[in-house]
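Geometric and topological summary
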Amino acid sequence: MTTATVGLEVVHRRYVPYSHAHYAGNLVDGAYSLAAFGDVATEMCIRTDGDEGLFASYSDVQFRAPVRAGDCIEISARLVRVGSRSREMDFEVRVVARGNPARGESAADVLDPPILATTARGVVVVPPR
C-alpha cells in the first residue's frame, strides 16, 4: 500500500563543503545538485512506499545559478504524478546562505530571498506492493 499523493514534499538542507569545489570561484559541478535530488527522492520513496526506489530518468534539468562551496542549500522534491509503480517529482535546489569573504574569512549571509540554482523533473520506480 502506498501513501504517495500528489503535492507531497520532502526537503533536505545541507552545507556544501569546500572539498566539492571543482572550478574557479569555488564552483561546484552540476552533478552535486543531481546527487542531492537522488537523496530527497530516496526519502520520498521510503516515506510513501517503504522502499528506496530506483531513479529511472531526469528531464528538463536546468542550471539557473551557481552553487558554490560554502553555500547552504535547500533541496526539495514534490510529487507531481503517482503511477502504479512510478513516481514523478519536481526538484529544486535553492541557495539559502552563502559565504561572504569580503566581511571575513568565515563570514556568511542568509539570502532572502534564496537563489533558485537548479531545477529538474525526475521519475523513480518502486517495487510492486
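Relevant structure appears above.
Keep in mind that what you see is a predicted model, and the values were worked out from it rather than measured. (Residues numbered from 1 in each chain as written. Predicted model: local features only at pLDDT ≥ 70, side-chain atom pairs only at ≥ 80, totals over all residues. Heavy atoms only, no water.)

1. Focus: a nonpolar patch on the surface
Quick reminder of the rule: Patch criteria: residues need more than 30% relative accessible area and no salt bridge. Like-charged residues are merged within 9 Å; nonpolar side chains of Val, Leu, Ile, Met, Phe, Trp and Tyr are merged within 5 Å. Here the open area of atoms and residues is found with the Shrake-Rupley method and a 1.4 Å probe, where only the protein chains shown may cover a residue. Throughout this description, the term salt bridge denotes a Lys or Arg side-chain nitrogen within 4 Å of a carboxyl oxygen of Asp or Glu. Secondary structure elements follow DSSP: runs of H or I of four or more residues count as helices, runs of E of two or more count as strands, with numbering from the N terminus.
Taken together, the side chains of Phe-55, Tyr-58, Val-61 and Phe-63 define a hydrophobic patch exposed on the protein surface, amounting to about 330 Å² of accessible area. Checked against the element boundaries, Phe-63 lands in strand E4 (residues 54-63).

2. Here we look at the sheet that holds strand E1 (residues 9-15)
Counted only if it meets this: Being paired, for any two strands, means DSSP has found at least two bridges between them. Lines fitted to C-alpha atoms define the axes here, with helix axes fitted over just the stretch in contact, and angles between the N-to-C directions of these axes take values from 0 to 180 degrees. Pairs of residues are marked as contacts when any of their non-hydrogen atoms sit within 4.5 Å.
Taken together, five strands build an open sheet; the order of strands is E1-E5-E6-E7-E4 and the sheet is antiparallel. What marks the edges here is a single partner per strand, and that holds for E1 and E4. Pairwise comparison of adjacent strand axes, ignoring direction, gives a mean angle of 25 degrees for this sheet. Pairing of E1 with strand E5 (residues 72-82) involves seven bridges; the strand directions are antiparallel. What sits directly across from Arg-14, in E5, is Ile-73. Contacts from helix H1 (residues 31-49) reach E1, E4, E5, strand E6 (86-99) and strand E7 (108-125), with the element oriented near 140 degrees to E1.

3. Observations concerning the pairing of E5
Bridge analysis of E5 against E6 gives ten bridges, and the strand direction is antiparallel. Looking at E6, one finds that Ile-73 is bridged to Val-95. Following E5, the chain reverses through three residues before pairing antiparallel with E6.

4. Focus on unusual backbone geometry
Rule in force here: Buried residues are those whose accessible area, probed at 1.4 Å on protein chains only, stays under 20% of the maximum for their type, while exposed residues exceed 50% and partly exposed ones sit between those limits.
Omega for the peptide link from Asp-112 to Pro-113 comes to 10 degrees, which places this bond in the cis form. Summarising the element assignment, Pro-113 is placed in strand E7. With phi around 60 degrees, Asn-26 is a residue other than glycine that occupies positive phi space. Structurally, the position occupied by Asn-26 is in the loop between strand E2 (21-23) and strand E3 (27-28). Phi at Asp-60 is positive, roughly 50 degrees, even though this residue is not glycine. Inspection of the secondary structure puts Asp-60 in strand E4. Classification of Asp-60 as exposed rests on a relative accessible area of 54%.

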